[in-house]
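# Chains, contacts and geometry: an overview
This is what each chain is made of:
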Amino acid sequence: MSQDKIYISYDCVHKLCQKAADQILSTVGKPDVIVAIGGGGFIPSRIIRTFLRHQGEKNIPIQAIGLSLYEDLGTGSDSIGKEVIRTQWLDFGALAQHFDSLIGKNILIVDEVDDTRTTLHYALTELYNDVKENAEKLGKDMGNTKFSIFVVNNKLKEKRAEIDESLMNGGMYLSGEDVPDKWIAYPWESSDIDTHTKLAKEQGNN
Ligand SMILES: O=P(O)(O)OC[C@H]1O[C@H](OP(=O)(O)OP(=O)(O)O)[C@H](O)[C@@H]1O
């Protein structure tokens, strides 16, 4: 199998989430809500939640948003980014009575990989704008709302978008591990998990 790929095992994802949780707790405190960017952010979100609360404390709610990257064919140039499509957005559903918005919350956005950064830029900007709009509508102050970002892997490369720290209100950006700009093979995409795990171990990603 190709050494051009970076193989990541489930254990590796688990340990990177565990380590990140400690850093998040000691730097920005316990999140009130996790916003998982699907599909890649779902499994890391669930794992990191385990380590973000102490025994006996309530589970941190996980909100799912669906974002997908599509080639922006309308630009006529492949040097100009990709388009982010919303396939799902926040829905507090039955929780609405107790937890009706992100206003004033300590929010942790989770995805598995920061590649060109297009998706994270979009998620942060749109979530911020959502909170701002809601706060204005309700006459509330969004002042305390804090956004942090956790990705399992950040690819070291030139990014197509930036994370606007001024929107984060003291929140942190954290990657479990920075990796070279190669194809990353995650375990949940594997059709042969035993071989996948073996390759990940050989690369030290276990
Ligand atoms: O940094 P970027 O260049 O924006 O790329 C990162 C995004 O790309 C992948 O999503 P994809 O659209 O492939 O959907 P998926 O999570 O459902 O696989 C990945 O899960 C990230 O969300």
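Residues numbered from 1 in each chain as written. Predicted model: local features only at pLDDT ≥ 70, side-chain atom pairs only at ≥ 80, totals over all residues. Heavy atoms only, no water.

Per an unreviewed UniProt entry, the protein chain goes by Xanthine phosphoribosyltransferase and derives from Pichia kluyveri.

### Quick notes on the site of the ligand
Put simply, the test is: Nearness is judged by heavy atoms alone; a residue qualifies as near a molecule or strand once a single heavy atom is within 4 Å of it. Any N or O atom pair separated by 3.5 Å or less is treated as a polar contact, with the protein-specific requirement of one donor-capable and one acceptor-capable atom, and with residues adjacent in sequence counted only for side-chain atom pairs. Note on areas: these come from Shrake-Rupley sampling with a 1.4 Å probe, and a residue is covered only by the protein chains present in the view. Counting from the N terminus, the helices are DSSP H or I runs at least four residues long and the strands are E runs at least two residues long. Residues are grouped as follows: Ala, Val, Leu, Ile, Met, Phe, Trp, Tyr, Cys and Pro are nonpolar; Asp, Glu, Lys and Arg are charged; all remaining types, including Gly, are polar.
Around the ligand sit 14 residues, and of these D111, E112, T116, R117 and T119 come closest. At 2.8 Å, a backbone N or O of R117 approaches an oxygen atom of the ligand. T118 is positioned with one of its backbone polar atoms (N or O) 3.4 Å from an oxygen atom of the ligand. Considering the ligand on its own, with 500 Å² of exposed area, one finds that the protein chains cover 76% of that surface. Sort the elements by how many residues they give to the shell around the ligand and strand β5 (residues 106-114) lands first, with four residues. Broken down by class, the residue content of the shell around the ligand amounts to two nonpolar, seven polar and five charged.

### Observations regarding unusual backbone geometry
Omega for the peptide link from G38 to G39 comes to -5°, which places this bond in the cis form. Its location among the elements puts G39 in the loop between β2 (33-38) and α2 (42-52). A positive phi angle is found at R117, which is not glycine, with a value near 80°. Backbone geometry at N169 places phi at a positive 55°, although glycine is not the residue there.

### Some points on the side chain of N154
Here is the rule we go by: Contacts between residues were defined by any pair of non-hydrogen atoms, one from each residue, lying within 4.5 Å.
Position of N154 among the secondary structure elements: in strand β6 (residues 146-156). At 2.9 Å, the side chain of N154 and the side chain of K159 are in polar contact. Ignoring any residue separated from it by four or fewer positions in sequence, one finds N154 in contact with D114, R117, K159, Y173, S175, E177, D178 and V179.

### Here we look at the pairing of β5
Convention followed: Only protein chains enter the accessibility calculation, which uses a 1.4 Å probe; a residue is then buried when its area is under 20% of its type maximum, exposed when over 50%, and partly exposed in between. Paired strands are those between which DSSP finds at least two bridges. By convention, orient the strands away from the viewer: a clockwise path from the first strand over the helix to the second makes the crossover right-handed.
Most of β5 sits out of view: eight of its nine residues are buried. With four bridges connecting them, β2 and β5 associate as parallel partners. Residue pairing for β5: A36 is matched across the bridge by V110. Crossover handedness for the path β5 to helix α3 (residues 118-138) to β6: right-handed.

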